[in-house]
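Structural description and commentary
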Amino acid sequence: MDQARSTISKIFNGEPHSYTRFNLTQNMEGDNSQVEMKLSSDMDEEAGGNGVGDHLNHNSNRKPHAAEKPGRKPKNLCFMVAATVLIFVIGYLIAYLAHGKKDVAPTCEASVDPVAEPLERETGAAPLMNWEDVKKLLTEKLSAAKMEPVFREFSVVNHKAGSKGDESLANKVLGKFKGYGMNTWTDEHFIKVQDAPAAGANRFVFKGSAEYSKGFLSYSANGTATGGVLYAFYGQESDFQLLRDRNINMTDRVMLIRAGRISFAEKVANAAKMGASAVLIYPDPTDYPIGDSTQLFGHVHMGSGDPYTPGFPSFNHTQFPPVQSSGLPKILAQSITSAMASNIRRQLGGHNEPETWGGSYKLGEENDAITVEVNNVLAEKKIHNVFGVIKGFVDADRYVVIGAQRDAWGAGFATSTVGTSLLVELARSISDMVKNDGFKPRRSIVFASWSAGEYGSVGATEWLEGYLSSLSMKAFSYINLDRVIKGSTGFKVSASPLMHGLIESTMKEVKYPDSSSTLYSQFAKINFESNVLEPFKLDDAAYPFLAFSGIPSVSFGFTSGNLEYPYFGTELDTREKLNVAAGNQVPQLAETAARFAGHMVLRLVHDHLLRMDVMKYNNIIRNHVVQINTKVYSVKRMQPQLLPKALTVQWLISASGSYGRVAQRLVTDMQNSDLEDIEMCRIINDRIMAVERNLLSPYVSPRDSPFRHIMLGSGPHTLKALSNHLDGLKNDHPESDADLFRNQLAMATWTVQGCANSLAGDIWALDNEI
């Protein structure tokens, strides 16, 4: 009663609003947590809301007006008496109610019954299903027998990017996703590509004889070039260095190069650096036993995506700037058959080729003239990417993306049919687990079917360019299903170092077809890293996700040892050819590949914390820094005039140490974290996700250097390029420059330091100690 009287008195006396704290809920220690309740009167609210209060304040200080009649005072007195009675009644009612409930709630602090144990917090997902049960469910959903009808459904003879066959497959995939109850959408792009000339073939003339090739290399320069033929093996940098060591003139030469080992684009770029005027690429029978008249198809863009909208998405409404990708070659490039190449090589003169190259032919002389003519046609195509999503139950706005290329030059069974089939089967299986088996992924899973993969991952890259700011913050991994079956006797994986631990553990869980052994025991044996892991290739569809967008990515596949599947880039990539290469185990290998990809996806959306190892990059960074420091010391000692005396690698060493310390700190935070604390898990996961993204150099343009990753990217900004730059300085290479080295060293240093700062977490967690 006293409390009520005091409160009402304060209100009527015009005192400021007061706050009383009521204890409403219990915390984890059993004490009562507090929430504020504001007490106010209707009169105060009205006074503040319509100006009455101001009027009363003015009246309180003024003298009575002469016209005012004294007869009004009794009315005011009556009003005051009535107000006093009303206050008394209200106070009595409050006291009565408080007294009436005295036995139940004698104090406000005890207004909630005590609870013996904290209530279980609703996490929406995770511990509800054991990981072993999740694995078992996926195994039950997938089988080799179920793969066969899907293969048949998605096998199409003609499904080049933008064709009716490609569109028909897109609609099939979309229909499947909808049938599984997934949320679906499509992404439309208008891209520019080069196709075969209107005449149907490009040509070359050698020794007075003209040859026509129906195969072509998209994005070649057009025109005519004449020069002496020079055989350059696989066209790798080391191959051209060997020719340079022999003092062979390479300016304006037409390079004859074997397919394989590196991408077509890298071969052409390397030849252009040597001053070549054109490049002819052929499938040597040693690597490609595909017949001497089989045509090759591909592209020579040193990048990915539409090269006529570099760094921008090819949406129809985008106002494209008048620029082209710096990765477009300025020299001619054309594919020819092995028969054509053999005919040329038999007629070459000059030096003998190195023994390591075979030693059977001549390299070619400058008077072994050949004329190359390329007339590819630039065409605009409309393509569609197709998506479906299984939404997570906790962090629905964080997602793993799993995707596959849909188009191909010909039948493309190994190129795209297998990957698309696996994508659809995984979508069916995981959707069924969620709908019917009680599986609740913490995070979302996005299934993606890409078009225009044969032109350089165009569909996927345009999507990345269109939504880069969102994807780099929310997509935490990409798993690539392209070309997962190329043989049966080997198993290779290319991946971000963050994912190496996840890959290794997954291989230990997935069984090899028709065997009791796991993928790990079958292929990793005693050395996982050397027997399984391999670097990303430039033309890998997962590469732009990692090196352009900073999304941890993985590609994998069954192989034939060191032999490449010879029918990629041809019109002979059929089910029959793949059966031979895979020992007639295509359905069984497809099932295993689906389980391998599925296990990684499910692990990434099941666990509270992302299964990624931030310490892996620590060793990689340190190794690069040690190598650079050693070379700088060597140059300054042996050739001090090449580098400024004040140049030091100390800041790069310091940045490397910073990364190592904050990475170890994050590992400790993960080990000590409360897995039931949703917000804490989200914060830690966001710190993990930031690592790859912050290894993209912020100092280079996506147009000039799209693969900006300083560890795994391509260009002068990478730590590998820094090390090579020092070699160029020592060898007086014309492209090496001390000032350029200092500039790139500074940018690399602050990229590493920026990554460390981001990994540390909140800005107040930063100090000079990291």
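The model shown is predicted, which means the values in this text are computed figures rather than measured ones.

Reading the values: the criteria
Residues numbered from 1 in each chain as written. Predicted model: local features only at pLDDT ≥ 70, side-chain atom pairs only at ≥ 80, totals over all residues. Heavy atoms only, no water. Helix = DSSP H or I, 4+ residues; strand = E, 2+ residues; numbered from the N terminus. Buried < 20%, exposed > 50% of the residue type's maximum accessible area, 1.4 Å probe, protein only. Contact = heavy atoms within 4.5 Å. Areas by Shrake-Rupley, 256 points an atom, 1.4 Å probe, with all protein chains shown as cover. Axes fitted to C-alpha atoms, helices over the stretch in contact; angles between N-to-C directions. Parallel < 35°, antiparallel > 145°, perpendicular 65-115°, else oblique. Left-handed = near helix turned anticlockwise from the far one by under 90°. Expected span 1.5 Å × (residues − 1). Pairing = 2+ DSSP bridges. Phe/Tyr/Trp six-rings, centres within 6.5 Å; stacked < 30°, edge-to-face > 60°. Lys NZ or Arg CZ within 6 Å of the ring centre and 35° of its normal. Core = buried A, V, L, I, M, F, W, Y, C linked by side-chain atoms within 4.5 Å. pLDDT = per-residue confidence, 0-100. Polar contact = N/O pair within 3.5 Å; in protein donor to acceptor, adjacent residues only side chain to side chain. Salt bridge = Lys/Arg side-chain N within 4 Å of Asp/Glu carboxyl O.

**Digging into the overall build of the protein chain**
Scanning the protein chain from terminus to terminus reveals 24 helices and 18 strands. Out of the 770 residues in the protein chain, the part that is buried amounts to 51%. A separation threshold of at least 6 residues defines the contact pool for the protein chain, and within that pool the share at least 24 residues apart is 78%. Only carbon and sulfur atoms are counted for the fraction: they give 52% of the accessible area of the protein chain, which is about 36300 Å².

**Some remarks on the packing of helix H20 (residues 616-638) against helix H23 (residues 719-730)**
For the pair H20 and H23, the least separation of the axes is 9 Å and the interaxial angle reads 15°. Judged by the inter-axis angle, H20 sits roughly parallel to H23. Viewed along their axes, H20 and H23 form a crossing whose handedness is left-handed. The segment H20 lies against H23, with His624, Gln627, Ile628, Lys631, Val632, Ser634 and Val635 engaging Leu719, Lys720, Leu722, Ser723, Leu726, Asp727 and Lys730.

**Quick word on H20**
Its 23 residues give H20 an end-to-end C-alpha distance of 34 Å, which sits within 8% of 33 Å, the value for a rise of 1.5 Å per residue. Of all the residues in H20, the buried ones are Tyr617, Asn618, Ile621, His624, Val625, Ile628, Lys631, Val632, Ser634 and Val635.

**Quick look at the pairing of strand S8 (residues 254-258)**
Across the five residues that make up S8, a large majority, five, are buried. Burial along S8 is two-sided: Val254, Leu256 and Arg258 facing one way and Met255 and Ile257 facing the other are all buried. Here three bridges tie strand S7 (residues 223-231) to S8, and the two strands are oriented parallel to one another. By the bridge assignment for S8, Val229 is matched with Val254. Both S8 and strand S9 (residues 278-282) contribute to a ladder of five bridges, which runs parallel.

**Description of the packing of aromatic side chains**
The final tally for this structure, using the stated rule, is 32 aromatic pairs. Taken together, Trp185, Phe315, Phe387, Trp450, Trp463, Tyr467, Tyr478 and Phe545 form an aromatic cluster joined through their ring pairs. Positioned above the aromatic ring of Tyr520 is the side chain of Lys508, whose terminal nitrogen or guanidinium carbon lies 4.9 Å from the ring centre.

**A few points about the sheet that holds S9**
Strands sit in the order S5-S4-S12-S7-S8-S9-S11 across an open sheet of seven strands; the sheet is mixed. Whereas interior strands pair on both sides, the edge strands pair on one side only; in this sheet they are strand S5 (209-213) and strand S11 (332-335). The average undirected angle you get between the axes of adjacent strands in this sheet is 30°. When strand S4 (residues 202-206) meets strand S12 (residues 369-374), the two strands line up antiparallel, connected through four bridges.

**Focus: the side chain of Ser723**
Among the structural elements, Ser723 can be located in helix H23. By relative accessible area, Ser723 is classed as buried at 2%. If we skip the residues at most four places from it in the chain, Ser723 touches Gln627, Ile628 and Lys631.

**Things to note about the sheet that holds strand S18 (residues 553-559)**
Neighbouring strands of a sheet are bound in pairs by backbone hydrogen bonds; such pairs are parallel or else antiparallel. The strand order across the open sheet formed by seven strands is S3-S13-S15-S14-S16-S18-S17, and the pairing between neighbours is mixed. Bordering the open sheet on either side are strand S3 (183-195) and strand S17 (490-495), each of which pairs with just one other strand. Strand-to-strand, the axes of this sheet are offset by a mean angle of 20°, without reference to chain direction. Relative to strand S15 (residues 443-450), strand S13 (residues 377-390) runs antiparallel, the two sharing five bridges. From the neighbouring strand, Val386 faces S15, where its bridge partner is Ser449.

**Examining the environment of Arg253**
Mapped onto the secondary structure, Arg253 falls in the loop between helix H8 (237-245) and S8. Distance in space between the C-alpha atoms of Arg253 and Ala272 is 10.0 Å, their sequence separation being 19 residues. Those residues in contact with Arg253, other than ones at most four positions away along the chain, are Gly228, Val229, Leu230, Ile248, Gly275, Ala276, Ser277, Ala278, Gly364, Glu365 and Glu366.

**A look at unusual backbone geometry**
The backbone phi angle of Asp252 is positive, close to 65°, even though this residue is not glycine. The partly exposed category is assigned to Asp252, whose relative accessible area is 48%. Positive phi is not limited to glycine here, since Ala452 has a value of about 60°. Residue placement: Ala452 occurs in the loop between S15 and helix H12 (458-466). Relative accessible area serves as the criterion here: at 0%, Ala452 is assigned to the buried category.

**A closer look at the packing of helix H21 (residues 650-672) against helix H22 (residues 678-694)**
Running from N to C, H21 and H22 cross one another at 150°; their axes reach a closest spacing of 11 Å. By the criterion of interaxial angle, the relationship of H21 to H22 is roughly antiparallel. The chirality of how H21 crosses H22 is left-handed. Seen from H21, the contacting residues are Tyr659, Leu666, Asp669 and Met670; seen from H22, they are Ile684, Arg687, Ile688 and Val691.

**Side note on the nonpolar core**
Among the nonpolar cores identified, the biggest contains 166 residues, and Phe447 and Met507 are the most heavily contacted of them. Per-element accounting of this core gives the leading share, twelve residues, to helix H19 (residues 586-606). Excluding anything up to four places from it in sequence, Phe447 contacts Phe177, Met182, Val386, Phe387, Gly388, Ile390, Ile402, Leu423, Leu426, Ala427 and Ile430. Residues Phe387, Trp463, Tyr478 and Phe707 belong to the second largest nonpolar core, which totals 23 residues.

**Focus on the confidence of the model for the protein chain**
Considering every residue of the protein chain, the mean pLDDT works out to 86; 81% of them sit at 70 or more. Below a pLDDT of 50 lies the segment residues 1-75, which in the model reaches 59 contacts outside its immediate sequence neighbourhood of four places, other chains included.

**Observations regarding H22**
The end-to-end C-alpha distance of H22 is 24 Å, a good match for the 24 Å that 17 residues give at a rise of 1.5 Å each. Inspection of H22 places Cys681, Arg682, Ile684, Asn685, Arg687, Ile688, Met689, Ala690, Val691, Glu692 and Arg693 among the buried residues, and these make up the whole buried set. N-cap assignment for H22: the residue whose side-chain oxygen lies 3.3 Å from the backbone N of Glu679 is Asp677.

**Brief notes about the side chain of Ser697**
Looking at the secondary structure, you find Ser697 in the loop between H22 and H23. Exposure remark for Ser697: the relative accessible area of 1% places this residue in the buried category. Looking at Ser697, its side chain comes within polar contact range of the main-chain nitrogen of Tyr699, at 3.3 Å. Residues contacting Ser697, with those up to four places away along its chain left out, are Arg708, Ile710, His717 and Thr751.

**So, the pairing of S12**
Where burial is concerned, the two faces of S12 differ: the one with Ile370, Val372 and Val374 is buried and the one with Ala369, Thr371 and Glu373 is not. Where S7 and S12 come together, six bridges link them in antiparallel fashion. Across the sheet, residue Ala225 finds its bridge partner in S12, namely Val372.

**Quick word on the environment of Val377**
Structurally, Val377 is set in strand S13. Between the alpha carbons of Val377 and Pro197 there is a distance of 5.3 Å; along the sequence they are 180 residues apart. Residues within four places of Val377 in sequence aside, it is in contact with Val193, Gln194, Asp195, Ala196, Pro197 and Ala198.

**Remarks on the environment of Glu676**
Checked against the element boundaries, Glu676 lands in the loop between H21 and H22. When the C-alpha positions of Glu676 and His608 are compared, they lie 8.1 Å apart, and in sequence the two are 68 residues distant.

**So, the pattern of salt bridges**
Any two side chains of opposite charge can pair, on the condition that their charged atoms come close. Overall, the coordinates contain 28 salt bridges when judged by the stated rule. Linking Glu509 and Lys135 is a salt bridge whose minimum nitrogen-to-oxygen distance equals 3.4 Å. Linking Glu509 in helix H14 (residues 500-509) with Lys135 in helix H5 (residues 131-141), this pair joins segments that are 374 residues apart in sequence. Given a relative accessible area of 14%, Lys135 falls into the buried group. Between Asp166 and Arg406 there is a salt bridge, with the nearest N and O atoms lying 2.9 Å from each other. Pair noted here: Asp166 is in helix H7 (residues 164-179) and Arg406 is in the loop between strand S14 (395-405) and helix H11 (413-436), with a separation of 240 residues, a long-range link. Under the relative-accessibility criterion, Asp166 is labelled buried at 2%. Counted as one network, the salt bridges with shared partners bring together Asp395, Asp397, Arg398, Arg682 and Asp686.

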